[in-house]
Amino acid sequence: MTFLVVGESLVDLIGAPGSWTFTAVPGGSPLNVAVALAALGRPVRFAGEAGDDFFGGLLRDHLTRHGLGTGDLALAAATGLAFARVGADGSASYDFRFDWAFSAPVALDGVTCLHTGSLATLAAPGGGHVRGLMRAAAEAGITVSYDPNIRPSLVGDPARALAHVEECVRIARLVKASAEDLDWLYPGEPWPEVARRWAGLGPALVVVTRGGDGAAAVLDGEVITCPAPAVEVVDTVGAGDTFTAAYLDALGPLDGAPLRAERVAEALRRGCAAAAIVCTRAGAVPPTREEVKSFSPGTGASRDEEGHE
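Residues numbered from 1 in each chain as written. Predicted model: local features only at pLDDT ≥ 70, side-chain atom pairs only at ≥ 80, totals over all residues. Heavy atoms only, no water.

*Asks:* Kindly report on the sheet that holds strand β6 (residues 80–86), identifying the contributing residues and their values.
*Replies:* Hydrogen bonds between backbone groups are what pair the strands of a sheet, and the pairing can be parallel or antiparallel. Strand order in the open sheet formed by four strands is β3-β2-β6-β7, and the pairing between neighbours is mixed. This sheet does not close on itself; its edge strands, each paired only once, are β3 (22–27) and β7 (92–97). Pairwise comparison of adjacent strand axes, ignoring direction, gives a mean angle of 25° for this sheet. Strand direction decides the pairing type here: β6 and β7, joined by six bridges, are antiparallel. Each residue of the ladder has a partner; that of valine 86, found in β7, is alanine 92. (Pairing = 2+ DSSP bridges. Helix = DSSP H or I, 4+ residues; strand = E, 2+ residues; numbered from the N terminus. Axes fitted to C-alpha atoms, helices over the stretch in contact; angles between N-to-C directions.)

Okay, structure coming up:
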């Protein structure tokens, strides 16, 4: 199974809790997913942008170190930055310095799954190009995976953002979103209702991550849930992206046959395990396949027709 991940690569400047001292680490949701897939042993290409500057060098070194290469990395005017302040509970809040003008052609030959999302699908002018790549991949029979990973400070007009998100949901076969994403997009609506509605737009599977409450999936109208393992949290940077990589890895190739609940439950278990592991580390440092397999979350996934745990 060969992955192509398309989207933003940023440098995260992560603040030490209670101070204004920052450490620079590679980041950006799609880049984190690509690196996590590589750590799990999957063949993966990453297509995005980086500037010819100091921080761009950091990103190129990061890609090379993880065996991803830089052949699909277009030149940006400047490398994007994300300032992250970590709260007492390990959660991160963000402030961005980011422009997205991605327009480079991206070869789809040999790709089994295209994953994208976050700023890359919403920020203009590059978002339109990425949504076009999603459509081209779907038309070519390539599995399309999508994670909106909303950053409210950068998405602009909420109504326009919602229209683009729903456009992407209609194209994708696999959709993963956080409960926070759904709450921002549809204030006051329960996440199971939104997830079921999204499933009706076309995806075969809609997954919702719920932080400390674990994750859930809507498959053929059924809700499958998985609890989050209890760990000592250092920070949550990259946790959702690591979940995405691990659940995609566990699902394996989608050959057109219907997804089975057992396969989805195992994908949720591995996603929650991988996210828990990365929460015990500073920054988005993904686990290996063996670390995920050997990690025991305690209880397994369960099914619930009404969406309750």
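*Asks:* Please provide a residue-by-residue account of the layout of surface pockets, values included.
*Replies:* Approximately 1,200 Å³ is the volume attributed to the largest pocket. Within the residue set of the lining of the largest pocket, elements represented by two or more residues are β2 (10–15), α1 (29–39), β7, β10 (174–178), α6 (179–185), α8 (239–251) and α9 (261–279). Classifying every residue of the lining of the largest pocket by side-chain character gives 21 nonpolar, 16 polar and ten charged. The volume enclosed by the second largest pocket comes to roughly 320 Å³. Forming the walls of the second largest pocket are 20 residues, and the residues nearest its centre are Ile14, Val25, Ala282, Gly283 and Ala284. Mapped onto the lining of the second largest pocket, the elements with two or more residues apiece are β2, β3 and α1. With three residues, β3 is the single largest residue contributor to the lining of the second largest pocket. (1 Å grid on protein atoms, 1.4 Å probe; cavity = no way out; pocket = protein on both sides within 12 Å on 5 of 7 lines; lining within 4 Å. Points joined across faces, edges and corners; volume = space filled by probe spheres on them. Nonpolar A, V, L, I, M, F, W, Y, C, P; charged D, E, K, R; others polar.)

*Asks:* Could you give an account of empty space enclosed by the protein, with specific residues and numbers?
*Replies:* Summed over all chains, the structure comprises two cavities of 30 Å³ or more. Lining of the largest cavity is provided by Ser9, Glu49, Ala50, Ala76, Ala78, Thr79, Gly80, Phe98, Asp99 and Trp100. Split by residue class, the lining of the largest cavity holds five nonpolar, three polar and two charged. Of the pockets and cavities examined, the second largest cavity occupies roughly 40 Å³. Every residue along the wall of the second largest cavity is listed here: Asn32, Val35, Ala36, Gly238, Thr242, Ala284, Val285 and Pro286.

*Asks:* Account for the packing of aromatic side chains, naming residues and giving values.
*Replies:* Counted by the stated rule, this structure contains seven aromatic pairs. When the ring of phenylalanine 54 is compared with that of phenylalanine 55, the centres are 5.6 Å apart and the planes differ by 80°; the resulting orientation is edge-to-face. In this structure, arginine 85 is placed above the aromatic ring of tryptophan 20, and the distance from its NZ or CZ to the ring centre is 3.9 Å. Here the basic side chain of arginine 197 rests over the ring of tyrosine 186, its NZ or CZ set 4.9 Å away from the ring centre. (Phe/Tyr/Trp six-rings, centres within 6.5 Å; stacked < 30°, edge-to-face > 60°. Lys NZ or Arg CZ within 6 Å of the ring centre and 35° of its normal.)

*Asks:* Can you explain the side chain of aspartate 181? Please cite residues and give values.
*Replies:* Examined against the element boundaries, aspartate 181 turns out to sit in helix α6. Notably, aspartate 181 is buried but unbridged: the nearest opposite-charge side chain belongs to lysine 176, and the N-O separation is 5.8 Å. Contact partners of aspartate 181, with chain neighbours within four places excluded, come to Asp147, Pro148, Asn149 and Ile150. (Buried < 20%, exposed > 50% of the residue type's maximum accessible area, 1.4 Å probe, protein only. Lys, Arg positive; Asp, Glu negative; His and termini not counted. Salt bridge = Lys/Arg side-chain N within 4 Å of Asp/Glu carboxyl O. Contact = heavy atoms within 4.5 Å.)

*Asks:* Tell me what's going on with unusual backbone geometry, and back it up with residues and numbers.
*Replies:* What you tend to see is this: most non-glycine residues have negative phi, and most peptide bonds are trans. A cis geometry characterises the amide bond from alanine 124 onward to proline 125, with omega recorded as 0°. Mapping proline 125 onto the fold places it in the loop between α3 (119–122) and α4 (126–139). Although it is not a glycine, serine 118 adopts a positive phi angle of roughly 60°. Take serine 118: it is sitting in the loop between β8 (113–117) and α3.

*Asks:* So what's going on with the pattern of salt bridges? Residues and values would help.
*Replies:* Enumeration according to the criterion identifies twelve salt bridges in this entry. Between aspartate 95 and arginine 97 there is a salt bridge whose closest N-O contact spans 3.1 Å. Take arginine 97: its relative accessible area is 47%, and that puts it in the partly exposed class. Residue arginine 281 is joined to glutamate 291 by a salt bridge in which the shortest nitrogen-to-oxygen separation is 2.9 Å. Taken together, the residues arginine 281 in the loop between α9 and α10 (289–294) and glutamate 291 in helix α10 connect sequence positions ten residues apart. Residue classification places glutamate 291 among the partly exposed residues on the basis of a relative accessible area of 31%. Connected via shared salt-bridge partners are Arg42, Asp249 and Arg289.

*Asks:* Can you explain the nonpolar core? Please cite residues and give values.
*Replies:* Generally speaking, soluble globular proteins have nonpolar side chains that are buried together. In this structure, Leu205, Tyr247, Val264 and Leu268 are the most contacted members of the largest nonpolar core, which totals 50 residues. The element best represented in this core is α9, accounting for eleven residues. Non-local contacts of valine 264, meaning those with residues more than four positions away in its chain, are made with Leu205, Ala217, Leu219, Ile224, Leu251 and Leu259. Of all hydrophobic cores here, the second largest spans 47 residues; its members include Ala47, Phe96, Leu185 and Val208. (Core = buried A, V, L, I, M, F, W, Y, C linked by side-chain atoms within 4.5 Å.)

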